[in-house]
Amino acid sequence: MPADLDMAGADRGTDTDPAEVKEAGRWNHRPPTPIAQNPLFQWPPRPAAIFKWYAAFWFEISTTTLCLVLALGAYFLILPPLEAMQTFQPGWMVRVWLANLVPQCLIAGALHYWLITSKGQSDKTKFDPRDQNRNNGSFTFNNQVLDNMFWHIASGISLWSLAQIGVFWMMANGYAPSMLFPDNPVWFIAAFVLIPIWSSFHFYWVHRALHWPPLYKLAHALHHRNVNVGPWSGIAMHPVEHLLFYTNFAIHLVVPSHPLHVMFHGYVQSTHPVFSHSGFEELVVKDNKQLSMGVFFHQLHHRYFECNYGTVEMPWDRWFGSYHDGTGRATDEARARKKQMYT
């Protein structure tokens, strides 16, 4: 097995600090700590590091480039012209729903089969050593996977599609600003870079609000039943959480957008979580890395709850004191914060 795929993680056993040894022992695979964050928000500026960070998203095969490919396919092969969306008609509305449903289920289903059902890469780069829950009454249908599939599809994909349908209808009727590629090619291209940043910004604040104890109990607790996450956990949420989660699309009611941007935004918002919740850092085939997937930053949130509310794209957690960098010290701080919040 290549050294970079050592299940124990690069830093296990290298630190004599008891807290670090204990923290490393909780994980099957733990990436090097502290966890890196977007260098765009670090001082002094490091142009080379910033370029390398964004090149990993756009100049390599990544979940971001996959979202762009899905958006292009949906726009050119499935969506009707914007003019056809001026009235709410079942035909085009179902096409929007299918453009989301089919690729989402194929991707989540294929990942689940490879990683969990067939154990195609065994436990290589798997964060949590435990398996998904069965015969557990805390989940709908007493089964974590069936629970996740139900909430992911019935609520998640449906409300995601309804949000886009509303944006398309408003664009078609002139209630929301729309644009074509020739109108402003620079902004048209820049929007694809800015949408993931906006998504990260919005996610932090909505997610932080969902950890307010009353709202957590009402809605977010459903998603957090998934301590050991899998591909179907990505957008397995309560409908109230989905409604808040998809207010992200409101940006298109203010900023001029193209329908292609709206589709790309949807896949970034909903398909990326399939990978980030996969429970594995990398997709590995025949001991060779094929794709970066899971995000240890968010895996820590599912395990310790009151930390890492955002993503590594934006430094909100670091600025507002909820950053878990993967160390044992940060685990102690997160547990103390949780105890304070819920007592």
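Quick look at the structure, then. For clarity, every value in this text was computed on a predicted model and none was experimentally measured.

Turning next to the environment of histidine 29. Mapped onto the secondary structure, histidine 29 falls in the loop between helix H1 (18-25) and helix H2 (47-58). The class for histidine 29 is buried, based on a relative accessible area of 3%. In this structure the C-alpha to C-alpha distance between histidine 29 and phenylalanine 296, which are 267 residues apart in sequence, comes to 9.5 Å.

A few words on the packing of helix H4 (residues 90-117) against helix H5 (residues 144-172). The contact between H4 and H5 brings their axes to 9 Å, and the two run at 145°. Regarding H4 and H5, the two cross each other, and that crossing is right-handed. Along its contact with H4, which presents Trp92, Met93, Val96, Trp97, Asn100, Leu101, Gln104, Cys105 and His112, the element H5 presents Val145, His152, Ile153, Ile157, Ser158, Trp160, Ser161, Gln164, Ile165, Phe168 and Trp169. For the contact of H4 with H5, the per-class residue count stands at 13 nonpolar, 7 polar and no charged.

Between threonine 33 and proline 34 the backbone carries a cis peptide bond, its omega angle lying at 0°. Inspection of the secondary structure puts proline 34 in the loop between H1 and H2. Of note, the amide linkage connecting tryptophan 43 to proline 44 takes the cis form, showing an omega dihedral of 0°. Within the element layout of this structure, proline 44 appears in the loop between H1 and H2. Non-glycine residue asparagine 135 carries a positive phi angle of around 50°. By the secondary structure assignment, asparagine 135 is in the loop between H4 and H5. We classify asparagine 135 as exposed; its relative accessible area is 77%.

What counts as what
- Counting starts from 1 at the beginning of each chain's written sequence and moves along it residue by residue.
- Selection of residues for local features in this predicted model requires a pLDDT of at least 70, selection of side-chain atom pairs for listing and counting requires 80 or more, and totals for whole chains, interfaces and linings are taken over all residues.
- Excluded from the side-chain calculation are hydrogens and water; included are all heavy atoms of the structure.
- Here a strand is any run of E in DSSP of at least two residues, a helix any run of H or I of at least four, and the numbering for each starts at the N terminus.
- Note on exposure labels: buried denotes an accessible area under 20% of the residue type's maximum, exposed denotes more than 50%, and partly exposed covers the range between, all computed with a 1.4 Å probe on protein chains only.
- Simply put, an axis is a line fit to the C-alpha atoms, just over the touching stretch for a helix, and the angle between two N-to-C directions goes from 0 to 180 degrees.
- We call a crossing left-handed when the near helix sits turned anticlockwise from the far one by less than a right angle, and right-handed when that turn is clockwise.
- Contacts are assigned to residue pairs with any non-hydrogen atoms lying within 4.5 Å of each other.
- Gly falls in the polar group here, along with every residue not listed as nonpolar (Ala, Val, Leu, Ile, Met, Phe, Trp, Tyr, Cys, Pro) or charged (Asp, Glu, Lys, Arg).

Everything listed is a geometric property; what it means functionally is a separate question.
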